Every structure is written in structure tokens, then in C-alpha cells.
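The primary structure of each chain is shown beneath.
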Amino acid sequence: MGLISKISNLSEVRGLMINEEEYSRVQNWLNAYRGDADWQHYTWMDNYGVDHSEKRMTLNMPKTVAHEMASLVFNNKCLINVTPKTDKTKDKTAPEDLDNPAHLFVQQVLEDNYFYHNAQRYIEYMFATGGMVIRGYVRDGKIKIRFATADAFIPISEDANGVTECVIVDTFKKSGAYYTFLEWHLEEDEDYVIKNELYKATNSDGSDIGIKVKLDEVYKGLKDETHYSKSQYTVPTFVYVKPNIANNINLTSPMGIPLIANASDTLKQLDLLYDMLFQENEMGRRRVNIPSSMIKLKLDQQTGEMKRQVDWRDRAYQVYKSDGVENAKPDDITLPLRDDQILSAINGLLNILAGQTGFSSGTFTMAQSGEMKTATEVISENSKTHKSKETHETLIGDALKRVVQMIVELGKNSSSEYEGPTDINVSINFDDSVAKDRNQDLDYYMQATNNQQLMPLTEAIKRFNGITDAEAEDYMQRIKEENADEGTIEDVLGNEEVDDNANTGAIKPKNAK
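Position numbers for residues start from 1 in each chain and track the written sequence from start to end. At least 70 in pLDDT is required for a residue's local features to be given in this predicted model, at least 80 for side-chain atom pairs to be given and counted, and no such filter applies to totals for whole chains, interfaces and linings, which use all residues. Hydrogens are left out, water is left out, and the side-chain values use all remaining heavy atoms of the structure.

1. Focus: the packing of aromatic side chains
Worth spelling out the cut-off: Any pair of Phe, Tyr and Trp rings, taking the six-membered ring for Trp, is counted once the centres come within 6.5 Å. Such a pair is stacked with planes under 30 degrees apart, edge-to-face with planes over 60 apart, and tilted for the rest. To sit over a ring, a charge needs its Lys NZ or Arg CZ within 6 Å of the ring centre and within 35 degrees of the ring normal.
Under the definition given, this model contains 13 aromatic pairs. Through pairs of rings, three or more aromatic residues link up here, namely Tyr33, Phe74, Phe115, Tyr116, Tyr122, Tyr125 and Phe147. Note that Lys230 overlies the ring of Tyr192, its terminal NZ or CZ placed 5.4 Å from the centroid. Directly above the ring of Tyr475 sits Arg478, whose terminal nitrogen or CZ lies 5.4 Å from the centroid.

2. Observations regarding the pairing of strand 12 (residues 238-241)
Under the convention used in this document: Whether a residue is buried, partly exposed or exposed follows from its accessible area with a 1.4 Å probe, protein chains only, as a fraction of its type maximum: under 20%, in between, or over 50%, in that order. Secondary structure elements are taken from DSSP: a helix is a run of H or I of four residues or more, a strand is a run of E of two residues or more, and numbering for both begins at the N terminus. At least two bridges found by DSSP between two strands are what make those strands a pair.
Of the two faces of strand 12, the one lined by Phe238 and Tyr240 and the one lined by Val239 and Val241 are each fully buried. Pairing analysis gives four bridges linking strand 4 (residues 132-139) to strand 12, with the strands arranged antiparallel. Counted as the bridge partner of Met132 is Val241 from strand 12.

3. Thoughts on the environment of Ser360
The condition is simple: Whether two residues are in contact is decided by their heavy atoms, any of which lying within 4.5 Å being enough.
Following the sequence through the fold, Ser360 ends up in the loop between helix 7 (339-356) and strand 18 (364-366). Those residues in contact with Ser360 that lie beyond four places of it in its chain are Ala354, Ser383, Lys384 and Thr385.

4. Quick notes on the pattern of salt bridges
Note the cut-off: For this analysis, a salt bridge means a side-chain nitrogen from Lys or Arg found within 4 Å of a carboxyl oxygen belonging to Asp or Glu.
Going through the model one piece at a time under the given rule, you end up with 11 salt bridges. For Arg135, the salt bridge identified is with Glu183, shortest N-O distance 2.8 Å. Of this pair, Arg135 sits in strand 4 while Glu183 sits in strand 8 (residues 177-187), and the two are 48 residues apart along the sequence. With a relative accessible area of 6%, Arg135 lands in the buried category. The structure contains a network of salt bridges with shared partners spanning Arg135, Arg146 and Glu183.

5. Considerations on unusual backbone geometry
Look at Asp140: it is not a glycine, yet its phi comes out positive at around 55 degrees. Tracing the sequence through the fold places Asp140 in the loop between strand 4 and strand 5 (142-149). Of note in the backbone geometry, Ser175 takes a positive phi value of approximately 55 degrees without being a glycine. Inspection of the secondary structure assignment puts Ser175 in the loop between strand 7 (162-174) and strand 8. Using a relative accessible area of 76% as the deciding quantity, one classes Ser175 as exposed.

6. Considerations on the side chain of Glu409
We apply this condition: For the purpose of charge, His is not counted, nor are the chain termini; Lys and Arg are scored as positive and Asp and Glu as negative. We call two N or O atoms a polar contact when they sit within 3.5 Å, provided that within protein one can donate a hydrogen and the other can accept it, with sequence-adjacent residues counted only if both atoms are side-chain atoms.
Here Glu409 lies in helix 8 (residues 384-413). Here Glu409 sits buried without a salt bridge, and the closest side chain of opposite charge, Arg402, lies 9.7 Å off (N-O distance). A distance of 2.6 Å separates polar atoms of two side chains, one belonging to Glu409 and the other to Thr234. Apart from the residues lying within four places of it in its own chain, the contact partners of Glu409 are Gln232, Tyr233, Thr234, Val235, Ser414 and Thr422.

7. Looking at the sheet that holds strand 5
As a general point, the strands of a sheet are linked pairwise by backbone hydrogen bonds and lie either parallel or antiparallel. To keep things clear, this is the line we draw: Every axis in this analysis is a line fitted to C-alpha atoms, fitted for helices over the stretch in contact. Angles between the N-to-C directions lie between 0 and 180 degrees.
Ordered by their spatial adjacency, three strands build an open sheet running 5-4-12, and the pairing between neighbours is antiparallel. The open sheet has two edge strands with one neighbour each: strand 5 and strand 12. Sheet twist, expressed as the mean angle between neighbouring strand axes with direction ignored, is 20 degrees. Those strands touched by helix 8 are strand 4, strand 5 and strand 12, and its axis lies near 170 degrees from that of strand 12.

8. Brief notes about the packing of helix 4 (residues 101-112) against helix 8
In plain terms, the rule: When an angle is under 35 degrees it counts as roughly parallel; over 145 it counts as roughly antiparallel; between 65 and 115 it counts as roughly perpendicular; any other value is oblique. Under this grouping Gly is polar, as are all residues other than the nonpolar Ala, Val, Leu, Ile, Met, Phe, Trp, Tyr, Cys and Pro and the charged Asp, Glu, Lys and Arg.
At a minimum axis distance of 10 Å, the contact between helix 4 and helix 8 shows a crossing angle of 100 degrees. Here helix 4 lies roughly perpendicular to helix 8, going by the angle between them. Contacts from Phe105, Val106, Val109 and Leu110 of helix 4 reach helix 8 at Val404, Ile407, Val408 and Gly411. Class assignment for the residues of the contact of helix 4 with helix 8 results in seven nonpolar, one polar and no charged.

9. As for the confidence of the model for the chain
Filter applied, for reference: The quantity called pLDDT is the predictor's confidence in a given residue, expressed from 0 to 100.
Scored by pLDDT, the chain has a mean of 81; 73% of the residues are at 70 or more. This model gives residues 496-513 a pLDDT under 50, and the stretch forms 13 contacts once residues within four places in sequence are excluded.

In C-alpha cells, the structure reads:
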């Protein structure tokens, strides 16, 4: 706590764009994603006035919601294609177009940095906390890409294109000491500037930022300051990505908000009901009221008194005083379980949560067994899930294009790995197959077209295999050649044809009259 104000005091640049309140919201969203939201903790007082602190059971829907949207939006089948800019515009991208230095270099950098694997994970963090950062730099002559979560990102300034300056914060412990590393991304008239600062806490618990120390105490060979000339770099060396959701909590903030930002009340009620479901089994065990006159007596060896012999570990029996009560007998007071009612209420809230987080109703359900189920199929392009998916892909696609531009400029100007052009076109093709129920789409359109052909075969081949137009045409040609090798029906019949006019089905030669 107090990190924002401390960094503001340390800064030699203009003030930060967020305050402690906004930073605390990010921490709360992160805690909810971790399954440790504030509403899950509560205290209660027993009959003796003793307070007890407990934690409710949780469905952890913030994690489920973020993971589901991330898996729909981005996966390893996403295609990032790079081609040099030319005077001529082409409608189709042929395979030979991708055999260029820019595309090959970008793909190699992405592969070396396990980009697709890491991006999918951090996009989930983005949907859970409101944002993430992709950072590019050069180390030992190699392009490196690393990510940072929303709690490590502090914006400084922005323009129409988004955040232009920021601080990336990293707090860690090494050799028994607590450190805070600040990476300032600043913009000057002619340069993008990165300043690195390392602080060492003076308190033993690391509660303060502490004093500034030399970078080589932890980072060997790291420069205090690096300049990137705007004559060579068209984009900064960082990209801030956020969900495509308007920030209705702070309308002037450049920070994004997570999918669950406006669903905290629903999430709280879901966890209350889920905890109640477990308590129902705990509290709904068999209970029997038995009169005290039916309890066996046992001699207390210390006092010499006769006392009732009760096994207090057996919580099925509740003893009541029956002195003077005639015909006292045991009474079963077990209450019926309410599992069905609770599950019904949970599923009703899950539908509300789906609508609040950009999913279609029915996406999340809980079965009678208590298993959480997720419907990943998007029924049609008009469904809410499909629309949300495409909306988020817009911002993520723009961010990925900037990352690719950053990679080629770093490779060209800050390393010896790349000698190709930096004036490039970038296309991002997200994998839509995970978000469509193809069988239902096919049934619908076949009925609508009276079972007529829906699209050219080459287009079907292209979409099915996720390839380019030219590759699909090549596939089509190969299919034709293979079918030609097998022969046609005329070849099988010896260059003869069926006499359509004859009722006997006799075969006559083509030249017969």
C-alpha cells in the first residue's frame, strides 16, 4: 500500500495518471482471480463472545470467466502474417508472399520467446485484472519479449493511440533483501527513452521502497538509460493491452477494467450460495432429540456422582432435559436437504453473470453433481459471446500489429539479426473454429438455401484448413489431379456411355447412332 504515492515522490517526471484508489481496485480484482476476494472472508461470534475468522467456499468464477474468454479469443492457431509494403495492393496472400525476411524473422523471434504460449496466459490475466503489457528489448544481440500484469503497470501519459509513457514495476526478494525495480518508459521530442532504477528496502519486512542502489547489484550489464531515436522507431518498445470495455468506474483513466468489474455483487452471491451448498450437507446430517432419562448413567470416579454417559463426538443426538415429562421418547428432527433449490439459484445467478461479463445466457452451468460446466460453442454470429469475442479481438489485433512492428525495428536498429525492411504490412487471423458450432451453422444455411451449395469448394478448403487463397487453390488442383488419376466413369466403361433413351439401361458406344 502507498506504492503509487511513493513512486510519485521518487519520480523526476510529470505525475502518474492513477492514484492509490485505482491501484487498489486492480489489487482487488487480482485477489478475486486468485480465489481470495474480500467478500469470501468473514467473522462470527460464538455464545462465549469469542470471534472466529473463516473463509467461504468459492466457485472462483473470476478465473473461469477470464479463462473462457481468453481461450475463445487467442490460441496457438492464431496466424500473424508479415509482408513488405509495396506500391501494388493484393487481394490474396500467396504462400510465396510469406517467404520474405520480415515474416521469417518475426516468426523466429515469436518462437524463441514462446510468444503464443505466454500470450494466451497473459491475455487471461488481462481479462481478469483489466490490462497487461508486452515489452520488447535486446539482450546479448537477441530480441526478447516479456509480459507484465496490470498490477505492475502505471501509466504516465496518453494520446489518441493509447498510453505513451508508463512505469513498469517489479518487486522481489533476493539474498534476504527486498528490491523494487522501476522501468520508466518516457517520450521526448526526438527519442523514446527507457530509464532503469533499482531501490533496496530499508525495513526488514520490505514495506518501503527504500534507497536507490546501483543496477549491477542485481542486474549485471543493464544500462541506466537507453534512447531509441524516433527516426528509426515508429512505436515505443512497450504495448499496453486492455479488454475492449469502457471504463465506467473512472471515465478519465487510461486503465482498462476486467470482465468482472461490474459483477461483484453477483460473484458475492454466487460464493454465498456455493458455501451454503456445502453447509447444507454439514448441517443436514441426521439429528435426533433424545430425552435425558434415556441416557445411561455412569459413576464419576473422582466425585462419586452418577453422570450421564454421552459420546459428544456423535453429533446426531441432541439431549433435552426430560425430568417430569411422561412418555418421553426420541424424536427425529432431521431437516430435508435443499440442494435442488440452491443449485437452481446458482444457475440463475450464473446466467446473470454471463450477461454481465459478455457471454450468452447458458454459457456457465452447475450440474447436480456439483461439477462446473462451460458451453464453449457459440451458436451463431449473432450470439453475445461471438460479438464479445470479435470486440476484444479488435484491440488485441491492433496491439499484436504494434508488437510485430516493434520486433522488426528492434531487430533492424538494435541488433544484427535482421537486415530486411521495417515498412511492413501485418495481418492477424484469429482462429474462429473454437467459437463456432459448425454443424448447427451448416444445418441452418442448408435449410435456408434449399440444400444448395453454400460456397465455392476452394473457399471451403481455405476455411477448413485455415490457409490462404492461393494455398486453397493449390489444394483444389491437387484434388483434381488425384481424381483424374483414378479415372472417370467413362474410362471405367471403356469410353462408352449409357443410353439415356433406352429403358433397358443398355450401354452403347459414344459414336453409335
